[in-house]
Amino acid sequence: MGDKRADYISWDEYFMGVALLSGMRSKDPNTQVGCCIVSQDNKILSMGYNGLPTGCSDDNFPWTREGDDPLETKYFYTVHSELNAILNYRGGSLEGAKLYVSLFPCNECAKAIIQSGIKEVIYGSNKYEDTPSVKASMKMFDAAGVNYHEYHETKREIKINL
């Protein structure tokens, strides 16, 4: 019997890869965020990306970030990847699950994460860490006992051999 492969990817690489791939489904021209929720025994439970609610056409709602009329910007309409992944899950409880997300959760998503029972958040980027939204998220995560840490990317190239 031969030796097993030694260069297989870690669970963190796998699940963050799924989150990043999910984000590529987003129609948002500025920000593509993906999310993957995983059970304690490393099974994928749900995925999501930032986009419009089901039934709201990507062609009939605005994707702009700024404007005088807030109804003509994307912020009132888009659902963040974390909330989409939580709402997409149909299997019952998410108690004790882990959430992989490409961008640190906003305060609204943090509330949903806490309420759903998710206990760990692994994030790719925290480029808005100085904003009140992210500071509020961290404060709530700390108070609720949700662990969070940055994903540390490996330097290897992942190739797909078919």
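Higher on the page you've got the structure.
It should be emphasised that the depicted structure is a prediction, and the values quoted were computed from it without experimental measurement.

(A) Representation of the packing of aromatic side chains. In total, this model carries nine aromatic pairs according to the counting rule given. Seen from their ring centres, Phe141 and Tyr148 are 5.8 Å apart, and the 40 degrees between their planes marks the pair as tilted. On the basis of relative accessible area, Phe141 is assigned to the buried category, the value being 0%. When its relative accessible area of 24% is taken as the criterion, Tyr148 is described as partly exposed. Each residue in the set Trp11, Tyr14, Phe15 and Tyr100 is aromatic and connected to the rest through ring pairs, giving one cluster.

(B) View of the environment of Pro29. Mapped onto the fold, Pro29 is located in the loop between helix 1 (11-23) and strand 1 (34-38). Its relative accessible area of 57% is what places Pro29 among the exposed residues.

(C) Inspection of the sheet that holds strand 2 (residues 44-49) at higher detail. Pairing is mixed across the open sheet formed by five strands, whose spatial order is 2-1-3-4-5. Here the strands that pair on one side only, and so sit at the sheet edges, are strand 2 and strand 5 (147-150). The mean inter-strand angle of the sheet, taken between neighbouring strand axes irrespective of direction, is 15 degrees. The strands touched by helix 2 (residues 81-88) within the sheet are strand 1, strand 2 and strand 3 (98-103), with strand 2 carrying the most contacts at an inclination of about 135 degrees.

Thresholds, definitions, all that
- Residues numbered from 1 in each chain as written.
- Predicted model: local features only at pLDDT ≥ 70, side-chain atom pairs only at ≥ 80, totals over all residues.
- Heavy atoms only, no water.
- Phe/Tyr/Trp six-rings, centres within 6.5 Å; stacked < 30°, edge-to-face > 60°.
- Buried < 20%, exposed > 50% of the residue type's maximum accessible area, 1.4 Å probe, protein only.
- Helix = DSSP H or I, 4+ residues; strand = E, 2+ residues; numbered from the N terminus.
- Pairing = 2+ DSSP bridges.
- Axes fitted to C-alpha atoms, helices over the stretch in contact; angles between N-to-C directions.
- Contact = heavy atoms within 4.5 Å.

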